[in-house]
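One-letter residues, chain by chain:
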Amino acid sequence: MRYAGLMLLGAGVAAVAIGAAAETKGPAGKGQAPATKPATEAPADQVIREKIFARTLTPLAEPVAGGSINWTTGEILAVGEAKVRTADQQGIAMAGRGARLLAARNTVLMRRGIRVGPGGRFTDVKQGQVAVDAVLKGFREVSSVYDPKTQRVRVTLSVPIYGIDSVMTVRGLALERLGRRWYWPKAHQAGKADVVIIDARRCSFVPAVLLQIVTRSGQTVFCCADMPPGRRLVRPPAVYVYMKAAGPDTKSGNVYVKALARAKQVAALAGSPDENLRMLMADKFASPLILNADPLAKPAAGTLVLSAAAEKNLMFHGEARELLTSGKLIVVTDTIFKKK
């Protein structure tokens, strides 16, 4: 397979001062008060990450051939290595360029295999074939390390999954609305939640580029097509985090441990959130709405099924619709990916 047409175009970042003062003169030539431009509001997912990762939550990373996918930050991390032929500055620099090209190639290949999720398809797929040739834009060099012991240079590149020059921009992603719609309560029935948290631990949840939330009866509560065009495919639909499921194992051979685990399951089915998760989120948000997810009968990437109790709870929180469409959603999973 050829990799012709692979080009590296570094993403230059220009620093722009937000809220800089500008002095203007009035009719009489006197100086007026400085005009201040309001600061741009940070994206919801960025604000959430800054809040919750100051504590114990762990980013959700998936090892794949050629690097890894960081689902929490929404980026592909591709790795390339090259052997240093001559141990001088020129030889190290040449090996660095070779490692960078290998990392870029791996990024393109990883783009091919990334999970799309429900309600979407990549438009560059033609007759079962995916184009490998690409112009790699918007990348960021995370690190370039020379190891004198192995005489190798290792380069790591980062490419965003969402946004301008992202995986979806390069490949093109078509969206469609999914299934029967769930009936949302009206705005005047809204509660006071400021973030939605879905506890998907012990559900074998697998993240994807797109996300859908459904009820046990198959009605669609939320999908990425519900997001406004300004956010759709530009920002991730949720902040995915890893958190180990606490408490006893229902498969334990100890009858007392098993009984305690069953009691915790009953509490979850009744809508009671995990106490450790509740305390952690209550420390970071004014009024977090924590909903429990049910395991899927058949695995489907990017799909969350609300428990019956979670659906009933959501009926009293009409404001959650705006929270979901604006990206104020945290998905907690205990899925561990095997190293490839």
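Caption draft 1: Here's a closer look at the environment of Val142. On the secondary structure map, Val142 appears in strand β11 (residues 135-147). Considered as a pair, Val142 and Leu77 are 65 residues apart in the sequence and their alpha carbons are 8.4 Å apart. Residue contacts for Val142: discarding those within four places in its chain leaves Leu77, Thr156, Leu157 and Ser158.

Caption draft 2: How the structure looks around the pairing of strand β14 (residues 195-199). The element β14 is extensively covered by neighbouring structure, given that five of its five residues are classed as buried. By the alternation rule, side chains of β14 split into Val195, Ile197 and Asp199 and Val196 and Ile198, which are all buried. Inspection of the sheet shows β14 paired to strand β18 (residues 288-294) by five bridges, in the parallel sense. Across the sheet, Val196 pairs through a bridge with Leu289, a residue of β18.

Caption draft 3: Structural view of helix α1 (residues 44-52). Within α1, the full set of buried residues consists of Ala44, Asp45, Ile48, Arg49 and Ile52. Buried residues in α1, looked at end-on, bunch into an arc of 135°, giving them a common side. Against the buried residues of α1 lie β14, β17 (239-242), α5 (275-282) and β20 (329-333).

Caption draft 4: Highlighting the pairing of strand β5 (residues 61-64). Side chains Glu62 and Val64 project from β5 onto a buried face, and the interleaved Ala61 and Pro63 project onto a face without burial. Bridge count for β5 against strand β6 (residues 67-70) is four bridges, and the pairing is antiparallel. Within β6, the position partnered with Glu62 by the bridge is Ile69. Between the end of β5 and the start of β6, which pair antiparallel, lie two residues, with Gly66 showing a positive phi angle near 95°.

Caption draft 5: Inspection of the sheet that holds β18 at higher detail. The strand order β4-β17-β20-β14-β18-β19-β15-β16 describes an open sheet built from eight strands, whose pairing is mixed. Strands at the two margins of the open sheet, each flanked by one partner only, are β4 (58-59) and β16 (220-223). In the sheet, β18 pairs with strand β19 (residues 303-306) via two bridges, with the strands oriented antiparallel. When the bridges of β19 are listed, Ala293 appears paired with Leu306.

Caption draft 6: Region of the structure containing the pattern of salt bridges. Taken as a whole and judged by the stated rule, the model has twelve salt bridges. A salt bridge links Glu141 to Arg100, with the shortest nitrogen-to-oxygen separation between them at 2.6 Å. Placement of Glu141 in strand β11 and of Arg100 in helix α2 (residues 89-113) is noted, with a sequence separation of 41 residues between them. The class for Glu141 is partly exposed, based on a relative accessible area of 33%. Taking the shortest distance from any N to any O, the salt bridge between Glu275 and Arg278 comes out at 2.7 Å. Separated by three residues within a single helix, Glu275 and Arg278 lie in helix α5, roughly one turn from each other. Residue Arg278 is classed as partly exposed on the basis of its relative accessible area of 35%.

Cut-offs applied
- Residues numbered from 1 in each chain as written.
- Predicted model: local features only at pLDDT ≥ 70, side-chain atom pairs only at ≥ 80, totals over all residues.
- Heavy atoms only, no water.
- Helix = DSSP H or I, 4+ residues; strand = E, 2+ residues; numbered from the N terminus.
- Contact = heavy atoms within 4.5 Å.
- Buried < 20%, exposed > 50% of the residue type's maximum accessible area, 1.4 Å probe, protein only.
- Pairing = 2+ DSSP bridges.
- Arc of directions from axis to C-beta.
- Salt bridge = Lys/Arg side-chain N within 4 Å of Asp/Glu carboxyl O.

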